[in-house]
Amino acid sequence: MKIFHTADWHLGKLVQGVYMTEEQAYVLEQFIEDVKREQPDVVIIAGDLYDRAIPPTEAVELLNRTLERLVLELEVPVLAIAGNHDSPDRIDFAVKLMERNKLYMSGQLRYPIEPVVLNDEAGEVHFYLVPYADPAMIRHLLGNDNIRSHQEAMEAIVQHIVERWDPTARHVLIGHAFVTAYGEAASNTSDSERPLAIGGAEHVSAELLKIFNYVALGHLHQAHYVGAEHIRYAGSPLKYSISEEKHQKGYLIVELGTSGIEIEKVLLAARRDMRRVTGTMAEIERHRRNEDYVYVTLTDENPVLFPMEKIRAVYPNAMHVDRMAHRPTSQIDADAISVTKQELMPLELFRAFYQEVRGIELSKEKEELFAQAYEQLVKEAGE
């Protein structure tokens, strides 16, 4: 059985004040064309269809158009679950009506957990839809007062599934969770991922999931496997923060046979890249005009007036600019130490600003006046 595994679309995503809907439509069009060409048996969307519980109208329309083309025009079954960014009730709307057209959506975990059964020439494949849910909700749903963490919730869910499943079928779990090799704490793969819990309570052990023939995961934005080759994150189809600059975005094609599995990563080409640009303002102004979403770090020793206006003359979609200054060490001819603008002391910032505006160095008398005024301001603010 050929499976397309994708996740974390985050439709309606707002990055540095810019809605990414047009960029999302661009990559989803590629995805649809790939579905048309490859003709998979099923498409999986492993959570976070939207970026927030109440998405903008344009995001809802984009999801509607995409699912309509996949399910009605191309006649490919779609299995989708809610992630931690989604509204479970919104995802669950009219699910019984949609299932008649082979669109299977799961916002709230349904108990008992019944699989979606699809067939290929080798027999049945059972898909278990496990949307994101807080452990308290799982505790109430399963009537198990011992469930306090995501690990304990997944243990109970897997036990429930295995106790009821058909051993002659192949089994695929679709989940939205923070899975690590042994349930150990780990860092998110992106700044745009929202923590599922505070502390280590959000992590789930991949050991629990090895019993399935394939595990299609969502939540982490970098595509990778966890603990075993068949336990996979597809990653997001687009970069959603500068921390994802080095990610290779796309989806997975999974060939699920009777005795093994083959997995291929397919890349999606963004209309505009998201990347960092570093240099002096003079250097950046000599760059060729570029439409990418850039985060700019200026290396000028002195402050630059109206930096974003100047940067957007070259990079019209620039999202953020910060400055990196250079403080000399006490050693002669030592390498400069790079520090961010936020690390500079107020007097140093004012001294650099004064020199940029007036073209002369700040005198000792004016330094003392500034220091006195700043000290008085801090006292009045109660800091």
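Provided above is the structure to which this section pertains.
A brief report on the enclosed structure follows. (Residues numbered from 1 in each chain as written. Predicted model: local features only at pLDDT ≥ 70, side-chain atom pairs only at ≥ 80, totals over all residues. Heavy atoms only, no water.)

This next bit is on the nonpolar core. For soluble globular proteins, nonpolar side chains are generally found buried alongside one another. Judged by nonpolar contacts, the single largest core of 33 residues is most densely connected at Ile138, Ile161, Val179, Leu209, Phe212 and Ile231. When contributions to this core are tallied by element, the ones reaching two or more residues are strand S8 (123–130), helix H5 (135–142), helix H6 (150–164), strand S10 (178–180), strand S12 (214–218) and strand S14 (228–233). No other element matches H6, which puts six residues into this core. Non-local contacts of Phe212, meaning those with residues more than four positions away in its chain, are made with Tyr128, Val158, Ile161, Trp165, His171, Val172, Leu173 and His230. Among the nonpolar cores identified, the runner-up in size contains 32 residues, and Leu63, Leu67, Val76 and Val266 belong to it. (Core = buried A, V, L, I, M, F, W, Y, C linked by side-chain atoms within 4.5 Å. Buried < 20%, exposed > 50% of the residue type's maximum accessible area, 1.4 Å probe, protein only. Helix = DSSP H or I, 4+ residues; strand = E, 2+ residues; numbered from the N terminus. Contact = heavy atoms within 4.5 Å.)

Right, let's talk about a nonpolar patch on the surface for a bit. On the surface, Leu305, Phe306, Phe353 and Val357 cluster together into a nonpolar patch covering about 380 Å² of accessible area. For Leu305, a relative accessible area of 34% translates into the label partly exposed. (Patch = residues over 30% accessible without salt bridge, like charges linked within 9 Å, V, L, I, M, F, W, Y side chains within 5 Å. Areas by Shrake-Rupley, 256 points an atom, 1.4 Å probe, with all protein chains shown as cover. Salt bridge = Lys/Arg side-chain N within 4 Å of Asp/Glu carboxyl O.)

Attention shifts here to a negative patch on the surface. Taken together, the side chains of Asp41, Glu121, Glu255, Glu262 and Glu264 define an acidic patch exposed on the protein surface. Within the secondary structure, Glu121 sits in the loop between strand S7 (116–120) and S8. Taking relative accessible area as the criterion, Glu121 reaches 78% and is therefore assigned exposed. (Lys, Arg positive; Asp, Glu negative; His and termini not counted. Charge placed at Lys NZ, Arg CZ, Asp CG, Glu CD.)

A few words now on the packing of H5 against H6. Following both chains from N to C, one finds H5 and H6 inclined at 35°, their axes separated by 9 Å at the closest point. Helix-helix and strand crossings are classified by hand; for H5 and H6 the assignment is left-handed. Side by side, H5 and H6 meet where Pro135, Ile138 and Leu142 of the first sit next to His150, Ala153, Ala156 and Ile157 of the second. For the contact of H5 with H6, the class distribution of residues is six nonpolar, one polar and no charged. (Axes fitted to C-alpha atoms, helices over the stretch in contact; angles between N-to-C directions. Left-handed = near helix turned anticlockwise from the far one by under 90°. Nonpolar A, V, L, I, M, F, W, Y, C, P; charged D, E, K, R; others polar.)

This part covers the sheet that holds strand S15 (residues 250–256). Either a parallel or an antiparallel arrangement is found when strands of a sheet pair, and the pairing is made through backbone hydrogen bonds. With respect to topology, six strands assemble into an open sheet ordered S6-S5-S4-S1-S15-S16, the strand pairing being mixed. Each having just a single partner strand, strand S6 (103–106) and strand S16 (261–267) make up the two edges of the open sheet. Along the sheet, successive strands turn relative to each other by an average axial angle of 20°, direction set aside. Sheet topology places strand S1 (residues 2–6) next to strand S4 (residues 42–46); four bridges connect them, and they run parallel. Among the inter-strand pairings, His5 is bridged to a residue of S4, identified as Ile44. The strands that helix H1 (residues 21–38) touches are S1, S4, S15 and S16; relative to S1, the one it contacts most, it runs at about 175°. (Pairing = 2+ DSSP bridges.)

Now for helix H2 (residues 57–73). Over its 17 residues, H2 extends 23 Å from the first C-alpha to the last, a length consistent with the 24 Å expected when each residue adds 1.5 Å. Among all positions in H2, only Ala59, Leu62, Leu63, Thr66, Leu67, Leu70 and Val71 are buried. Burial along H2 is one-sided: seen end-on, the buried residues are contained in an arc of 140°. In H2, the exposed positions that point more than 90 degrees away from the buried face belong to Thr57 and Glu73. Packing partners of the buried residues in H2 comprise H1, S4, strand S5 (78–81) and S6. One or two steps after H2, the chain reaches Glu75, where phi turns positive at roughly 55°. (Expected span 1.5 Å × (residues − 1). Arc of directions from axis to C-beta.)

Right, let's talk about the pattern of salt bridges for a bit. Throughout the structure, instances matching the rule amount to 20 salt bridges. For the salt bridge of Arg271 with Glu22, the shortest nitrogen-to-oxygen distance reads 3.0 Å. Highlighted residues: Arg271 in the loop between S16 and strand S17 (274–279) and Glu22 in helix H1, separated in sequence by 249 residues. Take Arg271: its relative accessible area is 35%, and that puts it in the partly exposed class. Note that Asp273 and Lys239 form a salt bridge whose closest N and O atoms lie 2.7 Å from each other. You can see Asp273 sitting in the loop between S16 and S17 and its partner Lys239 sitting in the loop between S14 and S15, a full 34 residues away along the chain. For Lys239, a relative accessible area of 14% translates into the label buried.

Quick look at the packing of aromatic side chains now. One pass over the full model with this rule turns up seven aromatic pairs. Taken together, a centroid distance of 6.3 Å and an interplanar angle of 65° make the contact between Tyr128 and Phe212 edge-to-face. Of this pair, Tyr128 sits in strand S8 while Phe212 sits in the loop between strand S11 (203–205) and S12; the two residues are 84 residues apart in sequence, bridging distant segments of the chain. With a relative accessible area of 2%, Tyr128 lands in the buried category. For Phe212, a relative accessible area of 2% corresponds to the buried category. (Phe/Tyr/Trp six-rings, centres within 6.5 Å; stacked < 30°, edge-to-face > 60°.)

Read across the sheet, six strands follow the order S7-S8-S9-S12-S14-S13 without closing on themselves; strand pairing throughout is mixed. Each of the sheet's edge strands pairs with one partner strand only, and the pair in question is S7 and strand S13 (224–226). Here the strands of the sheet are splayed against their neighbours by 30° on average, with no regard to which way each runs. As defined by bridge partners, S8 adjoins strand S9 (residues 170–176) across six bridges and the pair is classed as parallel. Each bridged residue has a counterpart across the sheet, and for Val125 the counterpart in S9 is Arg170.

Tracing the chain through its elements places Pro237 in the loop between S14 and S15. Separated by 13 residues in sequence, Pro237 and Gly250 have C-alpha atoms that sit 4.9 Å apart. Apart from residues no more than four positions distant in its own chain, Pro237 is found in contact with Ala7, Asp8, Trp9, Val27, Lys249, Gly250 and Leu268.

Everything listed here is a matter of geometry and, on its own, says nothing about what the molecule does.
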